Amino acid sequence: MMPEHWLFAYEGFEPRQEKLREALCTLGNGYFATRGAAPEARADELHYPGTYLAGGYNRLKTELAGRVIENEDLVNQPNWLPLTFRMDGGDWFNVSTVKVRAYRQVLDMARGLLLRTVSFEDAQGRRTRLEQRRFVHMRHKHLAGQELVLVPENWSGPVQVRSALDGQVLNGGVARYQQLSNRHLRLVMAKEVDAETLLLEVETVQSRLGVAEAARTRLYLDGHRAEAQGKFVQDEGYLAHEFTVEVKAHQRLSVEKVVALYTSKDPAVSEAAMEARREVQRAPGRFEELVATHVQAWTHLWNRSDLDLELAKPNGTHRALRLHIFHLLQTVSPHTLDQDAGVPARGWHGEAYRGHIFWDELFIFPFLNLRLPALTRALLRYRYRRLGRAREEAHEAGFRGAMFPWQSGSDGSEESPRLHLNPRSGRWLPDETWLQRHINAAVAYNVWQYYQATADSEFLYFHGAELLLELARFWASVAEWNPRLRRYEIKKVMGPDEYHTGYPDQPEPGLNNNSYTNLMAVWVLCKGLEVLRLLPDERREELQEVLGLEPSELAHWEDVSRKMRLVFHEDGVLSQFEGYEQLQEFDWEGYRARYHDIQRLDRILEAEGDSPNRYKLSKQADVLMLFYLLSAEELQELFERLGYPFSQEMIPRTVDYYLQRTSHGSTLSGVVHAWVLARSDRPRSWQLFTEALQSDISDVQGGTTQEGIHLGAMAGTVDLMQRAYTGIEVRGDMLHFNPHLPEGMRRLKFSLRYRKHLMDVEITPRALVLTSRWRFQTPLKVAVRGACHLLQPSETRRFPLAQEPSTEAHEGEGASP
Ligand code: BGC
């Protein structure tokens, strides 16, 4: 039996929970993903089967509110799941119309399997047991499979089994998008290949992405191939095999369906339909063999990615963390290395945000950097391949360098919608979120962090440096000189807090001098200058030539990086943006009493004819993002560079100020706040962490998870455990540890990659134990609570933690930093 914290289980059939379960039980392998819908389900009130390809987008136009708008959507691909049955010509199985005697659905995270067992009795008193298993193969990325076992408990007779491929699907997973065009696929071909094999080929109507699915279905009775008569059935885009087989009481009828999926964009293939057909035909004969190789691939992935923990009072924390890692690895996996896809905010688990790529990778890469850094590199290459488009975006907006869009999909164009629906008021409203230029600091930050964690100088040489330089150039060109203040300013942008889109008294959207944006712009400029110092001469000269980087431009960067404006409140708190201090205080208590759930204050206020722009309130961390991304030392350096006073004491005051004024309308918010409080207020940090951990599992936003998981929050919570509570930092060519386990945690164990090293980390309240696992490496420099040590290859070293840092400084043969 698999230990409970590896299983994510639901007991009983709850119709109203089905769509949420489908999202959370999605199976994927980084190449494609399929929601955990029941195999007999079709899209309706209760269910939404969905299959999505990583980066599988298509554009459609819609006429709405008198304008034509165009959206690029993540396309729902033909449903390969349908596998159902009926007894003796009766009704096809429907869990809602039979008497359910037992029902359990389990996501087995260790093995990457979705399991469902159902015992039921029909109107004729026939009792039947069903056992279902499903995988989306983690090693053979084109393959997926399902098994249905049916055991008659008190009857014998003929059973009809139907196994289908359904190309009649639409994009209908998000209620708010229902007025938008949703027919993305056109049928290319549907045919029966042989008595057990079906083949379906479709194409997206605009991006011309060809997708082929082949399905092979075999039946077994008590383990032996069953003689079943197959009948081919088809309807426009829907094709099925129906088999009839005689089953006796207590016999096991197993149906094994193996599916292959290929696209016209796959590398190393000739033609998608041909490949799909060939792959199902040569797939191993029995389901079990495919399960074995799939499980092996998952075991290897878990060895690299797991977090093992021991709590004084075991609760759901461990399981939730594993669920988060599991969904992250299903969205991005080693298969991502060969793909042109970014990391989507909502996973490939649903249609929310149309599978678009935002800044959320900022919360996702830190985990990957220390576990599977090759994935970060592949995902940064998604950005690099769109550098040309980002240059055009900057140019079109009147700037220099490269400007990545707030939302992107296939080609790196700005895909943010210009209108969004407030379901509370029913009004379509202008969407100004594209003004979040700060994504261009996130991309630079991600390049730099990846480099710090890996020292991958080849990446920096060929791709990273160019990205950093073009982003630095962008920020320098965005900054406007204010001769009166003798400072540079950044105007007409939005910070991460999406509730503030502009000034209450001004028709044009945009805010001036958002502290997060301004300070991160300075940070990017500093890194742009630093990377030029790091590059070997020949590459620096090449890049300067290619980009036309003149010394005068670099001098300008230097100047902007020293004279950027920051706005403070009268009491020294860093202002979210210029003018924030003049806004009205918000009646938090009144609104909480009236609405109970006030996460989405934007919708509430708009429906009342009011606007969040008038108040001191935030959807999510904005100023506080600075404390999340930068250490106190880095902040101090930046403040000093700009000639602003900095005091450590200002940090908790600022945290307190904004925490009181945040509604946590984004799941990212809890992660950031838990992080910034990790040292100063452990109980509150733990509470926010636990809430963030539950946000998808309990669907705290009331209905959003069913449209796709929140991957930033999922990865962010795992990263909190990995870095915040361990104090791991990659800085100054050293790996730093400063553990501070949450109350009640007895042990935390994981392995990590740092540069060329691989090591095991074990932390208890009393000690940190590091084991170097790479035998042939040079020693590794680590700093434990500020004291530097050399860890030799294959060495295990214990660092006591219970004492004060000063007494520990002499632990081991410490080398100086
Ligand atoms: C948040 C953004 C985030 C986006 C996608 C929004 O609700 O405000 O910060 O990037 O969701 O996850």
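Note that residues are indexed from 1 along each chain, following the sequence as it is written. Predicted model: local features are reported for residues with pLDDT of at least 70 only, side-chain atom pairs are reported and counted for 80 or more only, and whole-chain, interface and lining totals are derived from all residues. Where side-chain values are given, they derive from all heavy atoms of the structure, hydrogens and water being excluded.

**Q** Could you give an account of the overall build of the protein chain, naming the residues involved and the relevant values?
**A** Only DSSP runs of H or I with at least four residues qualify as helices, and only runs of E with at least two residues qualify as strands; both kinds are numbered from the N terminus onward. When helices and strands are tallied, the protein chain shows 21 helices and 32 strands. All radius of gyration figures rest on C-alpha atoms, and the globule criterion is 2.2 Å times the number of residues raised to 0.38. The C-alpha atoms of the protein chain give 28 Å as radius of gyration, which agrees with the globular expectation for 817 residues (28 Å, within 12%). Along the longest, intermediate and shortest principal axes, the C-alpha atoms of the protein chain span 85 × 70 × 60 Å. When checking whether two residues touch, look at their non-hydrogen atoms; a contact exists if any pair is within 4.5 Å. Taking the contacts inside the protein chain whose residues are at least 6 apart along the sequence as the reference set, 68% of them involve residues at least 24 apart. Using a 1.4 Å probe, the Shrake-Rupley method yields the accessible areas, and only the shown protein chains count as cover for residues. Accessible area for the protein chain stands at about 31,200 Å²; split by element, carbon and sulfur atoms hold 47% of it.

**Q** Give me the lowdown on the site of the ligand, citing residues and values where you can.
**A** Lining the immediate surroundings of the ligand are A345, Y353, F358, W359, D360, W406, E498, K619, Q620, S666 and L668. One of the side-chain nitrogen or oxygen atoms of Y353 is found 3.2 Å away from an oxygen atom of the ligand. Here a polar contact means two N or O atoms within 3.5 Å. Within protein one must be a hydrogen donor candidate and the other an acceptor candidate, and residues neighboring in sequence count only if both atoms are side-chain atoms. Within the side chain of W359, one N or O atom sits 2.9 Å away from an oxygen atom of the ligand. Isolated, the ligand exposes 310 Å² of accessible area, and the fraction of that covered by the protein chains is 93%. Classification used: nonpolar for Ala, Val, Leu, Ile, Met, Phe, Trp, Tyr, Cys and Pro, charged for Asp, Glu, Lys and Arg, polar for all others including Gly. Taken together, the residues that form the shell around the ligand break down as six nonpolar, two polar and three charged. Here a residue is near a molecule or strand as soon as one of its heavy atoms is found within 4 Å of it.

**Q** Any chance you could break down the sheet that holds strand β31 (residues 787–791) for me, citing the residues and the numbers?
**A** At least two DSSP bridges between two strands are needed for those strands to be called paired. Overall, mixed pairing links the four strands, which are arranged β25-β26-β30-β31 in an open sheet. At either margin of the open sheet sits one strand with a lone partner, and together these are β25 (729–731) and β31. Taken pair by pair, the neighbouring strands of this sheet meet at an average axis angle of 30°, ignoring direction. Across three bridges, strand β26 (residues 734–737) lies against strand β30 (residues 780–784) in parallel orientation. Lines fitted to C-alpha atoms define the axes here, with helix axes fitted over just the stretch in contact, and angles between the N-to-C directions of these axes take values from 0 to 180 degrees.

**Q** Tell me about the sheet that holds strand β2 (residues 27–28), and name the residues and values.
**A** With respect to topology, three strands assemble into an open sheet ordered β2-β3-β4, the strand pairing being antiparallel. Either end of the sheet is taken by a strand with one partner, and the two such strands are β2 and β4 (51–53). Bridge count between β2 and strand β3 (residues 32–34): two bridges; the pairing is antiparallel. Paired with L27 across the strands is T34, a residue of β3.

**Q** Which residues make up the UniProt feature "domain: Glycoside hydrolase family 65 C-terminal" (unreviewed entry) in the protein chain, and what are the values?
**A** UniProt positions are given in the numbering used here, feature names are shortened, and annotations may be inferred rather than shown by experiment. The sites that carry the UniProt feature "domain: Glycoside hydrolase family 65 C-terminal" (unreviewed entry) are, in the present numbering, residues 729–787. Helix makes up 0% of residues 729–787 and strand makes up 61%, while its end C-alpha atoms are separated by 14 Å.

**Q** Describe the packing of helix α3 (residues 287–305) against helix α4 (residues 317–331), and please don't skip the residues or the numbers.
**A** It is the contact of α3 with α4, at a shortest axis distance of 11 Å, that shows an interaxial angle of 120°. By the angle class used here, α3 and α4 are oblique. The way α3 lies across α4 gives a crossing that is right-handed. Residues W298, L301, W302 and S305 of α3 touch α4, and the partners they reach there are R322, I325, F326, L329 and Q330. By residue class, the composition of the contact of α3 with α4 is six nonpolar, two polar and one charged. These descriptions rest on fixed angle ranges, namely under 35 degrees for roughly parallel, over 145 for roughly antiparallel, 65 to 115 for roughly perpendicular, and the rest for oblique. For any pair of crossing helices, the crossing counts as left-handed if the nearer helix is rotated counterclockwise from the farther one by less than a right angle, and right-handed if it is rotated clockwise.

**Q** Describe the domain arrangement of the protein chain, listing the residues and the values that go with them.
**A** Annotation comment: domain bounds sourced from an automatic or database domain assignment. Taken as a whole, the protein chain is organised into domain 1 (4–305), domain 2 (356–724) and domain 3 (735–812). Once you take the C-alpha centre of each, domain 2 and domain 3 turn out to be 31 Å apart. Contacts between the two partners involve 15 residues from domain 2, matched on the other side by 13 residues from domain 3. Defined here as a combined quantity, buried area equals the accessible surface (1.4 Å probe) lost by two parts on assembly, summed across both. Summing both sides of the interface, domain 2 and domain 3 together bury roughly 1,300 Å²; the carbon and sulfur share of this comes to 53%. Three residues stand out in domain 2 for area buried against domain 3, namely L370, R679 and R682, and they jointly supply 41% of the buried area on that side. Residues R682 and E743 are paired through a salt bridge, measuring 3.7 Å at the closest nitrogen-oxygen approach. Linking domain 2 with domain 3 are six residue pairs in polar contact (both at pLDDT 80 or more), by the criterion used here. Mapped onto the side of domain 2 that touches domain 3, the elements with two or more residues apiece are α8 (439–454), α19 (682–694) and α20 (711–724). We count a salt bridge whenever a side-chain nitrogen from Lys or Arg sits within 4 Å of a carboxyl oxygen from Asp or Glu.

**Q** Break down the side chain of N171 for me, with residues and values.
**A** In this fold, N171 is placed in the loop between β12 (157–166) and β13 (185–194). Accessible area is worked out with a 1.4 Å probe on protein chains only. A residue is then buried under 20% of its type maximum, exposed over 50%, and partly exposed in between. Residue class for N171 comes out buried when judged on its relative accessible area of 10%. Among the polar contacts listed, one links the side chain of N171 to the backbone oxygen of L74, at a separation of 2.9 Å. Those residues in contact with N171, other than ones at most four positions away along the chain, are Y48, D73, L74, V75, N76, N182, H184 and E351.

**Q** Break down the UniProt feature "active site" (unreviewed entry) in the protein chain for me, citing the residues and quoting the values.
**A** Feature annotation in UniProt places "active site" (unreviewed entry) on E498, given in this structure's numbering. Checked against the element boundaries, E498 lands in the loop between β24 (487–489) and α10 (515–534). For E498, a relative accessible area of 17% corresponds to the buried category. Setting aside anything within four residues of it in sequence, one finds E498 in contact with W406, T433, Q436, K619 and Q620. Side chain to side chain, E498 and Q436 meet in a polar contact 2.7 Å long.

**Q** Talk me through the pattern of salt bridges; I want residue IDs and the actual numbers.
**A** Considering all chains together, one arrives at 67 salt bridges under this definition. Its salt-bridge partner being R126, residue D122 comes within 2.8 Å of it at the nearest N-O pair. There is no split in this pair, since D122 and R126 are both buried. The partner of R600 in a salt bridge is D602, with the nearest N and O atoms 2.8 Å apart. By relative accessible area, which is 25% here, R600 ends up partly exposed. On the basis of relative accessible area, D602 is assigned to the buried category, the value being 18%. One network of salt bridges, in which partners are shared, links R391, R400, E466, E470, R473 and E553.

**Q** Lay out helix α18 (residues 667–676) with the relevant residues and their values.
**A** Most of α18 is tucked away, with ten of its ten residues classed as buried. Buried residues of α18: T667, L668, S669, G670, V671, V672, H673, A674, W675 and V676, and no others.

**Q** Any chance you could break down the nonpolar core for me, citing the residues and the numbers?
**A** Buried residues of nine kinds, namely Ala, Val, Leu, Ile, Met, Phe, Trp, Tyr and Cys, make up a nonpolar core once their side-chain atoms join them within 4.5 Å. Ranked by size, the top nonpolar core spans 192 residues in total, and within it W359 and M721 carry the most contacts. Setting aside anything within four residues of it in sequence, one finds M721 in contact with L307, L309, L321, W686, F689, T726, M745 and L748. Ranked by size, the runner-up nonpolar core spans 24 residues in total, among them L83, F85, L221 and V255.

**Q** Let's hear about unusual backbone geometry: which residues, and what values?
**A** The backbone of R208 sits at a positive phi, close to 55°, despite the residue not being glycine. Counting through the fold element by element, R208 comes out in the loop between β14 (197–204) and β15 (210–221). Given the relative accessible area of 53%, R208 is considered exposed. Phi at H250 takes a positive value of approximately 70°, unusual for a residue other than glycine. When you line up the elements, H250 lands in the loop between β18 (238–247) and β19 (253–263).

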